[in-house]
Amino acid sequence: MRGVVFQHTLRRGLRPALIWGVVTAFFANYVLFITPNMEGLQGFVAVFEAMPKVLLQAFGLTDVRVLATPEGFVGLAYFTYAAIVMAIYAVSAGMSITANDEENGIMNMVLALPVSRWSIVIEKALAQTLLAMLVCGIGFAGFAMGTRFNPVVSGLDLGRSAEVFAALWTLILAVMGITIICGVIIRRRGAAVAAVTGYLVVSYIAFTLGSLAGDTVGPILERLSVFSYFDGGEILRHGLDVIAPLMMAVVGAVLIGCAARLYERRDISG
Amino acid sequence: MNSNHRSTETGTPVIQAHGLTKAYGRGGPLALNRLNLDVYQGEIFGYLGPNGAGKSTTIRILMDLIRPTSGTATLFGQDVREHAVEIHRRIGFMPGELNLWPGRTGRDIVVYFSKVRGGVNPNVIKQITERLSLDLSMRVREYSSGNKRKLGLLLATMHEPELLILDEPTSGLDPLMQQTFNDMMLEMRAAGHTVFLSSHVLSEVQTICDRVAILRGGVLQAVESVEKLTHADFQWVTITFREPVSPSHFEGKNGITNVTADGTTLKMRVAGDFDAVIRAIGSDYVVNMKVHEPTLEEIFLAYYGEKPVTHLAVAS
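Calculation criteria
Just so you know, the residues in each chain are numbered from 1, in the order the chain's sequence is written. Labels are handed out in written order, letters beginning with A for the chains and numbers beginning with 1 for the ligands. For a predicted model such as this one, the threshold for reporting local features is a pLDDT of at least 70, and the threshold for listing and counting side-chain atom pairs is 80 or more; totals across whole chains, interfaces and linings nevertheless cover every residue. The basis for every side-chain value is the complete set of heavy atoms in the structure, and neither hydrogens nor water enter the calculation. Residue contacts are counted whenever heavy atoms from the two residues lie within 4.5 Å of one another. Accessible-area loss on putting two parts together, using a 1.4 Å probe and summing over both, is the definition of buried area adopted here. Within this document, salt bridges are pairs made up of a side-chain nitrogen of Lys or Arg and a carboxyl oxygen of Asp or Glu, the two lying within 4 Å of each other. In the analysis that follows, any N or O atom pair within 3.5 Å is treated as a polar contact, provided that within protein one partner can donate a hydrogen and the other can accept it, and provided that, for residues neighboring in sequence, both atoms belong to side chains. For the purposes of this entry, the term helix denotes a DSSP run of H or I that reaches at least four residues, the term strand denotes a run of E that reaches at least two, and both are numbered from the N terminus. Nonpolar residues are Ala, Val, Leu, Ile, Met, Phe, Trp, Tyr, Cys and Pro. Charged residues are Asp, Glu, Lys and Arg, and all others, Gly as well, are polar. These domain limits were set by an automatic method or by a database of domain assignments. A strand pair is defined by DSSP finding two or more bridges across the two strands. Fitted lines through C-alpha atoms serve as axes, helices being fitted only where they are in contact, and the angles separating the N-to-C directions of these axes extend from 0 to 180 degrees. Residue count minus one, scaled by 1.5 Å, sets the expected span of a helix. Only protein chains enter the calculation, and the probe is 1.4 Å; a residue is then buried if its accessible area is under 20% of its type maximum, exposed if over 50%, and partly exposed in between. Put simply, the grid is 1 Å and covers the protein atoms alone, a cavity is a trapped set of points that fit a 1.4 Å probe, a pocket is an open set with protein on both sides within 12 Å along at least five of seven lines, and lining residues have an atom within 4 Å of a point. Grid points are joined across faces, edges and corners, and a volume is the space filled by probe spheres set on the points. Each aromatic pair joins two rings of Phe, Tyr and Trp (for Trp, the six-membered one) with centres within 6.5 Å, and gets the label stacked for planes under 30 degrees apart, edge-to-face for over 60, and tilted for any other angle. Per residue, pLDDT measures the predictor's confidence, with a range of 0 to 100. In this analysis, a patch consists of residues with relative accessible area above 30% that form no salt bridge, clustered at 9 Å for like charges and at 5 Å for the nonpolar side chains Val, Leu, Ile, Met, Phe, Trp and Tyr. Methods summary: accessible areas were calculated by the Shrake-Rupley approach with a probe of 1.4 Å, and residue burial reflects only the protein chains presented.

1. Some thoughts on the interface of chain A and chain B
Counting residues at the interface gives 28 residues for chain A and 25 residues for chain B. For the chain A and chain B pair, buried surface summed over both sides reaches about 2500 Å², with 59% attributable to carbon and sulfur atoms. Together, A:Met109, A:Leu113 and A:Pro114 form the three largest contributors to the area buried by chain A at its contact with chain B, with a combined 27%. Counting every contact that joins chain A to chain B gives one salt bridge. In this structure, A:Asp267 and B:Lys22 form a salt bridge, with 2.5 Å as the shortest nitrogen-oxygen distance. At the boundary of chain A with chain B, the tally comes to 14 residue pairs in polar contact (both at pLDDT 80 or more). Put simply, the parts of the chain that give the side of chain A that touches chain B at least two residues each are helix H1 (4-34), helix H6 (107-110) and helix H12 (243-265) of chain A. Grouping the amino acids of the side of chain A that touches chain B by side-chain chemistry returns 13 nonpolar, seven polar and eight charged.

Structure below.
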């Protein structure tokens, strides 16, 4: 019956999603709470300005002066790491679409039911997409609450903050899409996880250091990095440019569609 | 002759395989080699063979879990791949190794599966659960292997499927539950449903199946009715004499082979007429003489000839 797999995935994924959401919210609260006042932020800038450019790039910083603002500090201290945490969440969610059940031999029973393979992939992916929205929603709620406890960050625009979390959600979609297709193409879960993790590590390195090596493949790799299409601090400062998140959402959706099609065609490991 | 068997090699074919071949990997050995098979409505069909013979490969192709390298397979006249969803509505399946979400209770899984199927009668679930003495409140990880098989059986039968495909269904079931399983299968057949079960425990096939196929190394060796197989052209004869008699009096005589001696008792395999046995006894005093029909295990071994049959469980 249509929609049952979707509901089942939603129910099963609710608890982990709540945990991820609460962790994200607590982390936001912590960073907002420790955000220093304007003098402290200026001090940060002074410290960072003394650092080599390469090191700053490793922190995702191109212009240290942005750190003198709460938006810049929160963007660096929270959203840079939130993106990594959400990417890990996306890998975990993506693996639950086909790879986990197939590795555990459960898919044999699921596919004996009157439900097509593609609809299993699509229904599960839709449910995980909603759950990711919940994670981001809880994260945003925690973030919004955190701005009340520290006067330095109380001026942060909540509308723009919500936009950052929306962009974070599209980052999850893109990483989830990559994970799902890896899980479909590479049949062994361990190998699929290794492939996606490898991509994310290279992706992060390319994002942080790619532009420094302008005469090499660095800039090309940077463009292939998912992290290049998410800049929380920039959104907090200037609002959301929909192109990048839209691109990530489209990439995620296309990869999920391709995974559903590929899954129709291949043997199930037994 | 077992009264459970009936002749069903007529009527509507439910399972049809034509030239079914499966190779794992390019140039790899064939797990299944040009299998041609017809299973008819209302029969219990046993699919026999040692481990690695290709039984599970056949079943996985029928369930559309894997795709054949060549050949076609149809269930209810529909291609197993093209019409998988429609076909799966009408069949129940239990894999050889049943794996389910370990943290979920049996009830959770039954509810989920029945929702996906739709239209499952809760009374049937209750009835089968009671019959199998299955506790659905336990988590899957807490089930013994026997209880897991029972849960698998419930999931395969709760929607009263027209065709049951079972891979080694009774492994792990105690003898009492095996009897319940046999009864359930016979009832399904009585209701006009079809059962296709694979096994390497031959006695269960002998008890309930109408026809059996014997598979080895991916090649179908024979398809025969159990009735015909159990009337194979040889019998075991056990003769107890008053004084010990040398096996050499019998060995090599027309149709007599495998003569063994145990004190005053001789056991021999006799193919064809008994005349050679009577003549070989001659003037020796016979205290007792018994004739046994060969078991399906022995017939099965006879099919394999002198080649070693590995992993063949011969249940008593």
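Structure's up, so let's keep going.
2. Here we look at the domain arrangement of chain B
If you check the domain split of chain B, you get domain 1 (13-229) and domain 2 (234-293). A straight line from the C-alpha centre of domain 1 of chain B to that of domain 2 of chain B covers 43 Å.

3. A few points about the sheet that holds strand S9 (residues 211-216) of chain B
Residue and element names in this part refer to chain B. Taken together, the six strands give an open sheet; going across it, the order is S6-S7-S8-S3-S9-S10, and neighbouring strands pair in mixed fashion. Each having just a single partner strand, strand S6 (91-94) and strand S10 (219-225) make up the two edges of the open sheet. Going from strand to strand, the sheet's axes swing by 15° on average, the running direction of each strand aside.

4. Structural notes on helix H5 (residues 145-157) of chain B
All names here are of chain B. Taking 1.5 Å per residue, 13 residues should reach 18 Å; H5 reaches 18 Å between its end C-alpha atoms and fits that length. Among the 13 residues of H5, eleven are classified as buried, and the element is accordingly described as predominantly covered. Turning to H5, its buried residues number three or more, namely Gly-146, Asn-147, Arg-149, Lys-150, Leu-151, Gly-152, Leu-153, Leu-154, Leu-155, Ala-156 and Thr-157.

5. With respect to the layout of surface pockets
In this approach, a probe sized like a water molecule rolls over the atoms, and the result shows the empty space that is left. All names here are of chain A. The calculated volume of the second largest pocket comes to roughly 530 Å³. Listing elements by their share of the lining of the second largest pocket, those giving two or more residues are H1, helix H4 (70-95), helix H5 (99-103) and helix H7 (117-146). Here the lining of the second largest pocket gets eight residues from one element, more than from any other, and that element is H1.

6. Examining the packing of aromatic side chains
All names here are of chain A. Taken as a whole and assessed by the stated rule, the structure comprises 20 aromatic pairs over all chains. On the numbers, 6.5 Å between centres and 70° between planes, the contact of Phe-79 with Phe-230 is edge-to-face. Taken together, the positions of Phe-79 in helix H4 and Phe-230 in the loop between helix H10 (218-224) and helix H11 (232-238) put the pair 151 residues apart, joining distant regions of the chain. Residue Phe-79 is classed as buried on the basis of its relative accessible area, which comes to 0%. By relative accessible area, Phe-230 is classed as buried at 6%. An aromatic cluster of three or more residues is present, and its members are Phe-27, Tyr-78, Phe-79, Phe-140, Phe-143, Phe-165 and Phe-230.

7. Considering the confidence of the model for chain B
Residue and element names in this part refer to chain B. Mean pLDDT for chain B: 88, with 89% of residues reaching 70 or above. Summarising per-element confidence for chain B, the mean pLDDT is lowest in helix H10 (residues 296-304) (66) and highest in S6 (97). Under a pLDDT of 50 for its full length, residues 306-316 has, in the predicted model, 20 contacts with residues more than four places off or in other chains. For this predicted complex, the interface confidence score (ipTM) comes to 0.85, while the overall pTM stands at 0.84.

8. Some words on the side chain of A:Asp101
Of note, A:Asp101 is situated in helix H5. Here A:Lys124 takes part through its side chain, which lies 3.0 Å from a polar atom of the side chain of A:Asp101. Not counting residues within four places of it along the chain, the set of residues in contact with A:Asp101 comprises A:Ile106, A:Met107, A:Lys124 and B:Trp101.

9. Brief notes about a nonpolar patch on the surface
Residues and elements named next belong to chain A. A surface patch of nonpolar side chains, amounting to about 580 Å² of accessible area, comprises Tyr-30, Phe-33, Ile-34, Met-145 and Phe-149. It is H1 that provides the largest number of residues to the nonpolar patch, a total of three residues. In this structure, Ile-34 sits in helix H1. With relative accessibility at 41%, the residue Ile-34 sits in the partly exposed group.

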